[in-house]
Amino acid sequence: MSDAAWTHDGYEMVVGLEVHVELATKTKLFSASANRFGDEPNTNIDPVTLGLPGALPVLNRQAVELAMRIGVALDCTVQPCTFARKNYFYPDMPKAYQISQYDQPLNVDGRLELSDGIVIGVERAHLEEDTGKSTHIGGTGRIHGSEGSLIDFNRAGVPLVEIVSRPDIRSPEQAKAYVNELRGILVAIGASDARMEEGSMRVDANVSVRRPDAEFGTRCEIKNVNSVRSLGRAIDYEARRQVALIEGGESVRQETRHWDENDGRTHTLRSKEDADDYRYFPDPDLVRLDPGEEWISSVRAAMPMLPAARRRRLAEVTGFDVASEAVATVVERGQDEYILEVAALGAAADRALTHVKEAFADAGAAPKVSAADLASLIAMEVSGELTATQTKTVLADLVAAGGGDARAIAATHGFEALETSELDRFVDEAIAADPDAWAKFCAGEPKAMGALVGYVMKASKGQADGKAVTALLQSRRS
Amino acid sequence: MNGFPSARSIAESIRTGERSARSVLDEHLARINERENEVHAFNLVLAEQAASSADEIDRRIARGENPGPLAGVPVALKDNLCTRGIPTTCSSKILQDWKPPYDATVVTRLANAGAVIVGKTNLDEFAMGSSTENSAFGPTRNPLDVTRVPGGSSGGSAAAVAAGFASLSLGSDTGGSIRQPAALCGVVGVKPTYGAVSRLGLIAFASSLDQIGPFTHDVADAALMLEVIAGHDPGDSTSIPQHFPSLAPSLDRGVSGLRIGRITDLPEGADQDVVDAVDAAFDTLAAAGAEIIDVTIPAFTYGLTAYYLIAPAEASSNLARYDGVRFGSRVAASDTNAMYMATRGAGFGPEVKRRIMLGTYALSAGYYDAYYGKALKVRRLMANDFAAAYEHVDVLITPASPSVAFPFGSKTEDPLAMYLCDTYTIPSNLTGHPAMSVPFGTGEHGLPIGVQVLAPAFGEPTMFAVAAELERSAARGEHV
Amino acid sequence: MSERLTRTAVERVAKLARLDLDDAELDQATERLAGMLHHFADIDALDLSAVEPMTQPYDLVNVLRDDVEQPGLDRQEVLDEAPDAVDGRFGVPPILGLEL
Ligand SMILES: [Mg+2]
Ligand SMILES: [Zn+2]
């Protein structure tokens with residue numbers, strides 16, 4: 001998981017992430033125009049969205065509520081704040097300024113704990129508005145060489161929270177774990193669907209390298225990372241590039257770089273020497289926001305259990321390691337509640353976790369197979385009525401059919417638990433058929449047991465439970 | 001008063017059926033036909049639309065309905081107020097043919113009160129100026145003396161009322177843009193408390209300073225129009241969620257027992273005729289039973305500097321949206337940045353460019369604290385000084401403008417000289433307090449002088465009581 | 001604060017503000033801006049260290065709107081006002097040269 005240390009020629013990487021998430025509101029941050037993905041271009045527009053002369057912003061209460069949930073979930077201090085204008089010209093930025101938060105953001109000083117216990121600091125999580133979308137026409141479809149661009153403002157004004165981590169990340173694996181963990185939290189609290197592919201979650205990485213314990217090096221900001229996998233690749237590439245520069249006697253230039261998925265490299269987008277001068281100042285069209293203790297407490301009280309706590313709970317109930325992949329996987333899928341339900345019916349929780357992890361990859365947070373059906377199956381498995389192999393077969397049928405009676409499905413396969421007398425008979429046959437193996441087994445050669453068990457399995461057409469056979473052989477020997 | 005009937009009497013005669021809205025409109029259109037070429041108060045006269053809305057008022061009256069307090073009253077709108085489907089230009093080439101897809105809140109409120117919109121009035125481009133000489137469509141002339149400016153930036157709205165083209169008009173006031181032209185044109189002009197009138201649909205110059213307000217023939221009309229347009233609007237976050245006080249009871253209250261402040265450290269620079277008129281105003285009010293009390297407002301003198309840093313800073317950002325992408329004019333170029341530069345370079349006039357430059361500089365990296373940041377602190381000093389003064393007085397009296405209407409071109413070469421026109425009006429915009437100009441006597445060349453009455457936030461009732469007293473005294477010809 | 005305003009600085013401000021100014025306009029802007037800044041030095045003498053900045057006349061707080069969708073603008077009405085519109089979108093020339 002995230003513990004794989006990254007070093008290269010004696011350098012370590014220092015990474016901070018800026019994650020933009022679109023909030024799951026019905027309307028935009030400052031207007032009643034719809035916040036909806038995938039509509040016809042320029043159909044979710046109004047005077048505020050388009051920055052028409054005379055238009056005025058009014059803050060969306062639900063956007064604030066969701067941003068506060070993010071702050072509380074990330075253990076931030078949620079505080080009184082203001083909105084500022086960030087001035088810059090770009091055709092998809094309607095007013096030529098973005099309303100954002102600058103020196104007084106809503107959420108500050110938080111933390112995010114990865115599944116292996118490492119804590120990444122969160123500097124701030126502030127509210128701001130999204131831009132429209134440009135499509136470059138002609139040429140290669142990229143900015144350079146295009147004949148022009150077409151702008152759709154449906155996305156303009158959609159509420160975003162920008163979550164800025166501290167530069168606490170030290171490996172591509174940690175960066176990926178941070179984003180996955182953050183995504184899990186955002187989904188759990190209903191703040192965002194946080195889909196990187198659809199752009200509702202966007203990640204920029206600030207990367208530098210240094211000798212361990214040395215001062216921070218010059219950093220580059222990497223943009224256009226469109227998946228968690230690309231994030232790992234981009235950071236790895238960029239850190240190696242910087243090490244090579246330094247080792248080659250050159251220095252790293254502070255700049256913004258663009259990740260190119262096709263060639264697997266980062267490319268200069270613009271250098272910070274000609275840094276923009278955003279001329280931030282308080283937006284005079286908006287007033288102070290002071291959430292106040294009462295609102296913050298109500299958000300805190302309504303907080304669902306977050307992934308880290310859910311992992312702890314599941315590990316406790318199942319006996320699995322809290323840092324195990326199985327625990328992380330099912331919690332990420334949101335199937336931990338389901339497993340607890342199955343366990344509550346008296347079924348073995350560890351078996352439930354294993355089965356759900358293996359067979360429910362596409363089942364979502366609320367599997368069709370009822371908890372009772374899975375619990376019955378596990379009961380059959382544990383009592384020895386079904387072998388491990390038979391259990392898998394029945395489980396696959398249950399999943400395909402969306403549930404059913406495990407005993408009836410087992411019967412259709414002819415899986416019937418062998419009577420003890422029958423098993424005794426098969427064991428007798430096995431000893432008779434291979435006395436050599438029996439002698440060796442009795443002389444203390446454990447390997448010899450394989451032949452005897454194999455005979456029983458074959459003779460019983462797989463209906464015998466391997467564990468039961470082993471136990472029987474051992475009791476005969478003694 | 002200049003011989004034109006009040007809006008109250010017009011509305012009353014229309015409501016009672018004594019006159020038709022259509023005949024009232026035609027009378028105003030006739031005056032427009034007669035003098036508009038000379039005055040150029042309007043960017044656009046809406047003769048046909050006005051005729052159909054006047055006819056609609058007449059039909060409603062025939063049905064026995066009451067169209068509202070402004071039934072059939074012809075009203076002119078400053079051309080920085082959005083009117084759906086009707087060109088709204090800010091007297092700028094960059095918005096020359098722009099038709100907004102929505103109405104400003106004040107426009108809706110006027111329509112709901114039965115007003116008939118007769119046209120969109122000329123202004124200094126984007127409301128930046130004090131003479132209406134900065135309009136891209138040519139200057140407006142003062143109807144009282146066409147060799148002189150009407151003041152600005154709402155010069156067209158002031159001139160429209162003074163010339164009898166409209167019975168009422170709306171302007172906007174960011175640093176004096178209602179009160180100063182009202183003074184120069186001899187009409188009443190009010191800048192309400194910041195947040196009392198919705199700014200939604202007012203094309204922003206400087207958002208924390210802008211307020212919409214009326215131009216009228218008399219103080220009672222101003223009270224009537226202000227009551228129509230004021231009130232909370234959830235569409236404007238800076239609109240104050242508070243009931244706007246009724247003004248009618250103030251008009252006959254008189255000034256007996258009121259404490260009226262004279263600012264002893266007021267910046268100098270007013271012409272002698274203006275100084276004399278203000279002195280006469282104090283005498284009149286004292287004679288009517290008010291107590292005159294000396295106060296000091298040390299920060300008053302720094303208002304100009306604070307204003308000319310804050311307003312351009314906000315404007316530089318507010319006017320960034322004129323980029324040739326979504327609306328307005330565009331100058332074609334080979335790439336987007338060149339298009340921006342060319343569009344804005346050609347679309348804005350010299351004064352607008354000057355203020356955008358000044359504001360951009362004041363906000364830019366390394367200068368924010370020295371300019372914009374400092375100006376915000378001076379703004380606080382100003383508010384503190386006024387608050388201290390209002391512990392001792394109910395209203396303050398100053399000149400509205402340092403001079404009577406001045407000849408064209410006399411201040412265009414020196415921006416600072418033009419900026420000094422706003423010396424006495426700017427502080428109320430910085431504090432957000434209400435202030436109004438009421439005609440009080442005449443000065444050089446027989447031109448009108450405006451006396452400014454200032455009050456604390458939501459102090460409009462007292463402010464109107466004092467203005468009404470000054471108006472009664474002026475009508476009796478007791479002064480100058 | 002009244003340090004000398006250079007023409008280079010004014011040129012940069014014009015670029016930041018996206019205003020094409022010719023040589024004569026730049027010269028005039030430099031002179032006039034310098035004159036204004038000189039005049040604005042009158043507040044330099046004030047001791048403002050203990051003064052809170054004031055950004056708005058009234059200290060309103062928490063002006064919020066419910067998250068309820070309202071009908072938006074008609075796309076055609078809006079695009080009719082645009083300098084360039086293609087396929088329901090706003091057209092611009094190649095997006096280049098935006099960095100200063
Ligand atoms: Mg950022
Ligand atoms: Zn951001």
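Predicted model, so just to flag it, every value in this text is computed and none were measured. Throughout this document, residue positions are counted from 1 along each chain, in the order its sequence is written. Each chain takes a letter, starting from A, and each ligand takes a number, starting from 1, following the order in which they are written. pLDDT decides what is reported in this predicted model: residues at 70 or higher carry local features, side-chain atom pairs at 80 or more are listed and counted, and totals for whole chains, interfaces and linings draw on all residues regardless. Values reported for side chains reflect all heavy atoms of the structure, with hydrogen atoms and water molecules removed beforehand.

> I keep staring at the overall build of chain C and nothing clicks. Help me out?
Note on conventions: DSSP H or I runs of at least 4 residues are helices, E runs of at least 2 residues are strands, and numbering of each starts at the N terminus. Along its length, chain C carries three helices and three strands. Walking chain C from its N terminus toward its C terminus, one meets helices and strands in the order α-α-β-α-β-β. Against the 2.2 N^0.38 benchmark of 13 Å for 100 residues, chain C shows a C-alpha radius of gyration of 22 Å, more extended than a compact globule. Expressed as lengths along the three principal axes of its C-alpha atoms, the size of chain C is roughly 55 × 45 × 20 Å. Note on exposure labels: buried denotes an accessible area under 20% of the residue type's maximum, exposed denotes more than 50%, and partly exposed covers the range between, all computed with a 1.4 Å probe on protein chains only. For chain C, with 100 residues in total, the buried portion stands at 41%. Working rule for contacts: check all heavy atoms of both residues, and any pair within 4.5 Å makes them a contact. Taking all contacts inside chain C whose residues are at least 6 apart in sequence as the whole, residues at least 24 apart take part in 43%. Every accessible area reported is derived by Shrake-Rupley at a probe size of 1.4 Å, with residue values counting cover from the shown protein chains alone. Of the roughly 5,300 Å² that chain C leaves accessible, carbon and sulfur atoms contribute 46%. When the 9 basic and 23 acidic side-chain charges of chain C are each reduced to a single mean position, those positions are 7 Å apart. Only C-alpha atoms enter the radius of gyration; for comparison, a globular chain is expected to reach 2.2 Å times N to the power 0.38, where N is the number of residues. Counting rule for charge: Lys and Arg are taken as positive, Asp and Glu as negative, and neither His nor the chain ends is counted. Where a charge lies is defined by one atom per residue type, namely NZ (Lys), CZ (Arg), CG (Asp) and CD (Glu).

> What am I meant to see in the packing of aromatic side chains here?
Aromatic ring pairs are reported here in terms of the distance separating the ring centres and the angle at which the planes meet. Working definition: a ring pair exists when centres of Phe, Tyr or Trp rings (six-membered ring for Trp) sit within 6.5 Å. Plane angles under 30 degrees give stacked, over 60 give edge-to-face, the rest tilted. Within this structure, the stated rule accounts for 24 aromatic pairs over all chains. Both rings, one in A:Tyr278 and one in A:Tyr280, keep their centres 6.1 Å apart while their planes meet at 70°; by these two values the pair is edge-to-face. One aromatic cluster is present, formed by B:Trp98, B:Phe126, B:Tyr322, B:Phe327 and B:Phe348 through successive ring pairs. Over the aromatic face of A:Phe426 sits the side chain of A:Arg425, whose NZ or CZ is 5.1 Å from the ring centroid. Here the guanidinium or amino end of B:Arg262 rests over the ring plane of B:Phe282, the centre of that ring lying 4.3 Å away. A ring is considered to have a charge above it if a Lys NZ or an Arg CZ atom is located within 6 Å of its centre and within 35 degrees of its normal.

> When you look at the confidence of the model for chain C in this model, what are you seeing that I'm missing?
The predicted structure's coordinates, where accompanied by low pLDDT, should not be read in detail. Residue and element names in this part refer to chain C. For every residue, the predictor states its confidence as a pLDDT score lying anywhere from 0 to 100. Overall, the prediction assigns chain C a mean pLDDT of 92, with 93% of residues at 70 or greater. Across chain C, the secondary-structure element scoring lowest on mean pLDDT is helix 2 (residues 23-40), at 93, and the one scoring highest is strand 1 (residues 64-65), at 98. Scored by ipTM, the complex comes to 0.97, with pTM at 0.91.

> Which parts of the structure should I look at to understand the environment of A:Asp236?
All names here are of chain A. Along the polypeptide, Asp-236 turns up in helix 4 (residues 228-247). Since its relative accessible area comes to 21%, Asp-236 is described here as partly exposed. A sequence separation of 65 residues divides Asp-236 from Ser-171, and the C-alpha atoms of the two residues are 7.9 Å apart. Beyond its immediate chain neighbours, meaning those up to four positions away, Asp-236 contacts Trp-6, Met-13 and Pro-172. A polar contact of 3.0 Å, which involves the side chain of Asp-236, links it to the side chain of Arg-240. For this analysis, a polar contact is any N or O atom pair within 3.5 Å, provided that within protein one partner can donate a hydrogen and the other can accept it, and provided that sequence-adjacent residues contribute only side-chain to side-chain pairs.

> Whenever I open this one, the interface of chain C and chain B confuses me. Can you help?
Reports of interface size often rely on the accessible area that becomes lost once the parts have come together. Between chain C and chain B, the contact holds 56 residues from the first and 67 residues from the second. Once two parts are joined, some of their accessible surface, as seen by a 1.4 Å probe, is lost; buried area is that loss totalled over both. Approximately 5,500 Å² of surface area, both sides summed, lies buried where chain C meets chain B, with 68% of it carried by carbon and sulfur atoms. Of all residues in chain C, C:Met54, C:Tyr58 and C:Glu81 give up the largest surface area on contact with chain B, accounting jointly for 13% of the area buried on that side. By definition here, a salt bridge exists when the distance from a side-chain nitrogen of Lys or Arg to a carboxyl oxygen of Asp or Glu is within 4 Å. On inspection of chain C and its partner chain B, the count reaches five salt bridges. B:Glu413 serves as the salt-bridge partner of C:Arg32, at 3.7 Å between the closest nitrogen and oxygen. Taken together, chain C and chain B are joined by 19 residue pairs in polar contact (both at pLDDT 80 or more). For the side of chain C that touches chain B, the elements supplying multiple residues, two or more each, are helix 1 (7-16), helix 2, helix 3 (75-79) and strand 3 (89-92) of chain C. When residues in the side of chain C that touches chain B are grouped by element, the largest group, 10 residues, is from helix 2 of chain C.

> Hey, could you run me through the coordination of the zinc ion (ligand 2) in this one?
Reference values for angles at a metal are 109.5 degrees in the four-donor tetrahedral case and 90 or 180 degrees in the six-donor octahedral case. Residue and element names in this part refer to chain A. Listed donors are limited to N, O and S atoms within 2.8 Å of the metal, widened to 3.2 Å for Na, K and Ca; water is not among them, so incomplete-looking sites are possible. Those donors, His-20 (NE2), Glu-128 (OE) and Glu-162 (OE), are the protein atoms that reach the zinc ion (ligand 2), and they lie 1.9 to 2.1 Å from it. Written as a sequence motif, the donor arrangement for the zinc ion (ligand 2) is H-x107-E-x33-E. The distance between the zinc ion (ligand 2) and the magnesium ion (ligand 1) comes to 4.1 Å, and Glu-162 binds to both of them. Pair noted here: His-20 is in strand 2 (residues 11-22) and Glu-128 is in strand 8 (residues 119-129), with a separation of 108 residues, a long-range link. Comparing His-20 with Glu-128 shows no difference in burial state: the two are buried.

> Any chance you could explain the pattern of salt bridges here in plain terms?
Two side chains carrying opposite charge are able to pair once their charged atoms lie near each other. Under the counting rule described, the total for this entry stands at 70 salt bridges over all chains. One salt bridge in this structure joins A:Arg85 and A:Asp283, with 3.2 Å as the shortest N-O distance. One end of the pair, A:Arg85, is in strand 5 (residues 84-87); the other, A:Asp283, is in the loop between strand 16 (281-282) and helix 5 (292-301), and 198 residues separate them in sequence. Summarising the burial analysis for this pair, A:Arg85 and A:Asp283 share the class buried. The closest approach of N and O atoms between A:Arg155 and A:Asp130, which form a salt bridge, is 3.4 Å. Separated by 25 residues along the polypeptide, A:Arg155 in the loop between strand 10 (148-152) and strand 11 (159-165) and A:Asp130 in the loop between strand 8 and strand 9 (133-137) bring together distant segments of the chain. Each of the salt bridges in this network shares a partner with another, and the network as a whole consists of A:Arg85, A:Asp283, A:Asp285, B:Arg199 and B:Asp236.

> Is there a simple way to explain the sheet that holds strand 10 of chain A in this structure?
Hydrogen bonds along the backbone pair up the strands of a sheet, which may run parallel or antiparallel. Spatially, four strands are ordered 9(A)-10(A)-3(C)-2(C) in an open sheet, and the strand pairing comes out antiparallel. The two strands at the open ends of the sheet, each matched to only one other strand, are strand 9 of chain A together with strand 2 (85-86) of chain C. Alignment of strand 9 of chain A against strand 10 of chain A, held across five bridges, turns out to be antiparallel. Across the sheet, the residue bridging to A:Thr135 is A:Leu150, located in strand 10 of chain A. Here the rule is simple: two strands pair whenever DSSP picks up at least two bridges between them.

> Hey, could you run me through the nonpolar core in this one?
One broad rule of soluble globular proteins: the nonpolar side chains tend to lie buried together. As used in this record, nonpolar core signifies buried Ala, Val, Leu, Ile, Met, Phe, Trp, Tyr and Cys residues forming a set joined through side-chain atoms within 4.5 Å. Of all hydrophobic cores here, the largest spans 168 residues; its most connected members are A:Leu17, A:Ile70, A:Leu127, A:Ile163, A:Tyr178 and B:Phe126. No other element matches the nine residues that helix 9 (residues 303-318) of chain B contributes to this core. Setting aside residues up to four positions removed in sequence, B:Phe126 forms contacts with B:Cys90, B:Ser92, B:Ile94, B:Leu95, B:Ile203, B:Phe205, B:Leu319, B:Tyr322, B:Phe348 and B:Val352. By size, the runner-up hydrophobic cluster in this structure holds 87 residues, among which are B:Ile32, B:Phe42, B:Val278 and B:Met436.

> Please explain the environment of A:Gly403 as it appears in this structure.
Tracing the chain through its elements places A:Gly403 in the loop between helix 11 (388-401) and helix 12 (406-412). When residues no more than four places from it in sequence are discounted, the contact partners of A:Gly403 are A:Val369, A:Asp373 and A:Leu398.

> Please clarify how the coordination of the magnesium ion (ligand 1) should be interpreted in this entry.
For the magnesium ion (ligand 1), the full set of protein donor atoms is A:Glu18 (OE) and A:Glu162 (OE), and the range of their distances to it is 2.6 Å. Classification of A:Glu18 as buried rests on a relative accessible area of 18%.

> What's the story with the interface of chain B and chain A in this structure? I'm lost.
Counting residues at the interface gives 38 residues for chain B and 29 residues for chain A. In total, chain B and chain A occlude about 2,600 Å² of area from one another, counting both sides; carbon and sulfur atoms represent 61% of this. Among the residues chain B hides against chain A, the three largest losses belong to B:Ser237, B:Arg321 and B:Arg326. Together they make up 24% of the total. At the surface where chain B touches chain A, the tally comes to one salt bridge. Two residues, B:Arg199 and A:Asp285, come together in a salt bridge whose shortest N-O distance is 3.2 Å.

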